[in-house]
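Coordinates in review
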Amino acid sequence: YDFVNRMLALGNDIGWRKVMVKQVVDHAIALQELENRDQGDDVDGGNSGGVTSGGIRILDLATGTADVAILLGKELRARGIHVPTNAATETTSSNSTETIEATEKPGAIEVWSPPPFFVLGVDPSHNMIEIGRQKLVRESVQDVVSLHLGDSRNLHHDQSTEATTDTVSGTAEPRGSTITVESNAYDAITMSFGIRNVPQTDRSMAFCEMFRVLKKPQTAQDDNDTQTQTGGRLAILEFSEPGEEAGIMGYFAKLFIRYIVPTLGAVLSGAPSEYLHLQNSIDLFPSPTEFVAALEGVECDYVEPQPEGAVDTPKKKWFQFFRKKHDKKLNGSKSNHVSTPRKGSFRVESVQHMNFGSVQLYIAKPVFLEPILTN
């Protein structure tokens, strides 16, 4: 699988992923520096960039055999950000055979809380996850990357997905999410060549799950005491057919995708239908302009997670009263609780075109579509 994909991309896919990984890690580190400064945290002198030993969390959706997750782990480690010993122990354990058997058999459930610096890779294919876990060991990143079954459309463990489905080989494979991914907790989400395989009718579900788990925008101060908006970032790497603006090289890239990829993929892999699907899915995928419009047009209902054991203080009671009045004014109806859903969406900050217009890197930030009230 990895070999064929490398060949079809002429090895360029590694470079595309590295471009995405660098931007994501740059943002994650900058976000942690702002949050630490805003919260008055002591900076861990052992880590470069003013990042403490806790905090950075990155989610890689449709991780496949973990190419991007591995690159993320290596990049964070190369920046001098290390996992505390107890976190490394916990991570290694989560990738162990015992944990696989315990959490990915039908009926298993794991509500997963990641260690301080961590990359979580999620994919709906049990076989991909198994191969990816072997690669983690070979690349010596099993202490900073963990892989689990999960569907980008629903990152909650759901008992209705516990049934198994028969694969072509006749073996039973678990399906659905075996973990629950925490809300408002991730500095970044990556997804490379995966959103195209989410049915168009379900993409808004996937976008809203991404919105849910990303850190939401908040106001923080930088070194110059300037107010700046923090929040997580979504990075999506995906194919599209080059348009006329890509010129003659884009025309040849289009021919390569339409005719060379399915033919060469069928010969190398022995699975012609899979690579015909690849070509068809690229052909049907929205243009960059259309995809940006779809991402920015989504509206997600988001309820702020309530901390366990939360205590009503006079300040919080006043906030609840004010929030009820605000919700009533916005919606024309009575609101009974501070956790009234807010509408959220994304704003695309940049679209980077690569490989003569056949590959795009979308960087987007979560936004609220109504004023944010803070207590």
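Residues numbered from 1 in each chain as written. Predicted model: local features only at pLDDT ≥ 70, side-chain atom pairs only at ≥ 80, totals over all residues. Heavy atoms only, no water.

1. A closer look at the state of the cysteines
Working definition: the covalent bond between the sulfur atoms of two cysteines is a disulfide. Applying the stated criterion across every chain, the model contains one disulfide. Note on cysteine connectivity: Cys208 is disulfide-linked to Cys300, with sulfurs 2.2 Å apart. Handedness of the Cys208-Cys300 disulfide follows from its S-S torsion of about -85°: it is left-handed. Taken together, the residues Cys208 in helix α7 (residues 203-213) and Cys300 in strand β12 (residues 300-302) connect sequence positions 92 residues apart. (Disulfide = S-S within 2.5 Å. Helix = DSSP H or I, 4+ residues; strand = E, 2+ residues; numbered from the N terminus.)

2. Some points on the nonpolar core
Residues Trp16, Ile58, Leu72, Val145 and Leu237 are the most contacted members of the largest nonpolar core, which totals 40 residues. Breaking this core down by element, the ones donating at least two residues are α2 (12-39), α3 (67-78), α6 (126-138), β4 (145-149), β11 (233-239), α8 (247-269), α9 (272-284) and β14 (359-368). It is α2 that provides the largest number of residues to this core, a total of seven residues. With residues up to four places along the chain from it excluded, the contact list for Trp16 reads Ala9, Phe193, Leu237, Phe239, Met354, Asn355 and Val359. (Core = buried A, V, L, I, M, F, W, Y, C linked by side-chain atoms within 4.5 Å. Buried < 20%, exposed > 50% of the residue type's maximum accessible area, 1.4 Å probe, protein only. Contact = heavy atoms within 4.5 Å.)

3. Looking at α9
With 13 residues, α9 extends 18 Å between its outermost C-alpha atoms, agreeing within 8% with the 18 Å of an ideal straight helix rising 1.5 Å per residue. Those residues of α9 that sit buried are Tyr275, Leu278, Gln279, Ser281 and Ile282. Down the axis, α9 shows its buried residues gathered within 165° of arc, on one side only. Seen from the open side of α9, the exposed residues pointing more than 90 degrees away from its buried face are Ser273 and Leu284. (Expected span 1.5 Å × (residues − 1). Arc of directions from axis to C-beta.)

4. A few points about the sheet that holds strand β1 (residues 57-61)
Pairing in this open sheet of eight strands is mixed, and the strands run β4-β3-β1-β8-β11-β14-β13-β12 from one edge to the other. The open sheet has two free edges, formed respectively by β4 and β12, since each of these has just one partner strand. The average undirected angle you get between the axes of adjacent strands in this sheet is 25°. Of the pairings in the sheet, the one linking strand β13 (residues 342-354) to β14 comprises 10 bridges and is antiparallel in character. Paired with Met354 across the strands is Val359, a residue of β14. Sitting on the sheet, helix α10 (residues 288-297) is in contact with β11, β13 and β14, with an inclination near 160° to β13. (Pairing = 2+ DSSP bridges. Axes fitted to C-alpha atoms, helices over the stretch in contact; angles between N-to-C directions.)

5. Here we look at α7
For α7, a buried count of eight out of 11 residues is recorded, marking the element as mostly surrounded by other parts of the structure. Of the residues making up α7, those classed as buried are Arg203, Ala206, Phe207, Glu209, Met210, Phe211, Arg212 and Val213.

6. Quick look at the packing of aromatic side chains
The final tally for this structure, using the stated rule, is 10 aromatic pairs. For the ring pair Phe285 and Phe291, a centre distance of 5.3 Å and an interplane angle of 35° mean the geometry is tilted. Judged on exposure class, the residue Phe285 and its partner Phe291 are both buried. In this structure an aromatic cluster arises from ring pairing among Phe207, Phe285, Phe291 and Tyr362. Sitting above the plane of the Phe211 ring, Lys216 keeps its charged end 5.0 Å from the centroid. Its guanidinium or amino end placed over the ring of Tyr302, Lys216 lies 4.2 Å from that ring's centre, counting from NZ or CZ. (Phe/Tyr/Trp six-rings, centres within 6.5 Å; stacked < 30°, edge-to-face > 60°. Lys NZ or Arg CZ within 6 Å of the ring centre and 35° of its normal.)

7. Thoughts on the confidence of the model for the protein
The pLDDT averaged across the protein works out to 75; a share of 65% of its residues lies at or above 70. The low-confidence segment residues 84-93, where pLDDT is below 50, has 17 contacts with residues more than four positions distant or belonging to other chains. Between residues 96-116, whose pLDDT stays under 50, and residues either more than four places distant or in other chains, the model counts 52 contacts. (pLDDT = per-residue confidence, 0-100.)

8. Section: unusual backbone geometry
One non-glycine residue, Asn355, lies in positive phi territory at about 50°. Within the element layout of this structure, Asn355 appears in the loop between β13 and β14.

9. What about the pattern of salt bridges?
A full pass over the atoms with the stated rule returns 16 salt bridges. Among the salt bridges present, the one from Glu238 reaches Arg196, with a minimum N-O distance of 2.8 Å. Of this pair, Glu238 sits in strand β11 while Arg196 sits in the loop between β8 (188-192) and α7, and the two are 42 residues apart along the sequence. Grouping residues by exposure puts Glu238 and Arg196 together as buried. Sharing partners across several salt bridges, the network here consists of Lys22, Asp26, Glu75 and Arg79. (Salt bridge = Lys/Arg side-chain N within 4 Å of Asp/Glu carboxyl O.)

10. What to know about the side chain of Lys215
Here Lys215 shows up in the loop between α7 and β9 (219-221). Judged by its relative accessible area of 12%, Lys215 is buried. For Lys215, the residues in contact, after removing those within four places along its chain, are Leu31, Gln32, Glu35, Gly55, Asn184, Ala185, Tyr186, Asp187, Gly231, Gly232 and Pro366.

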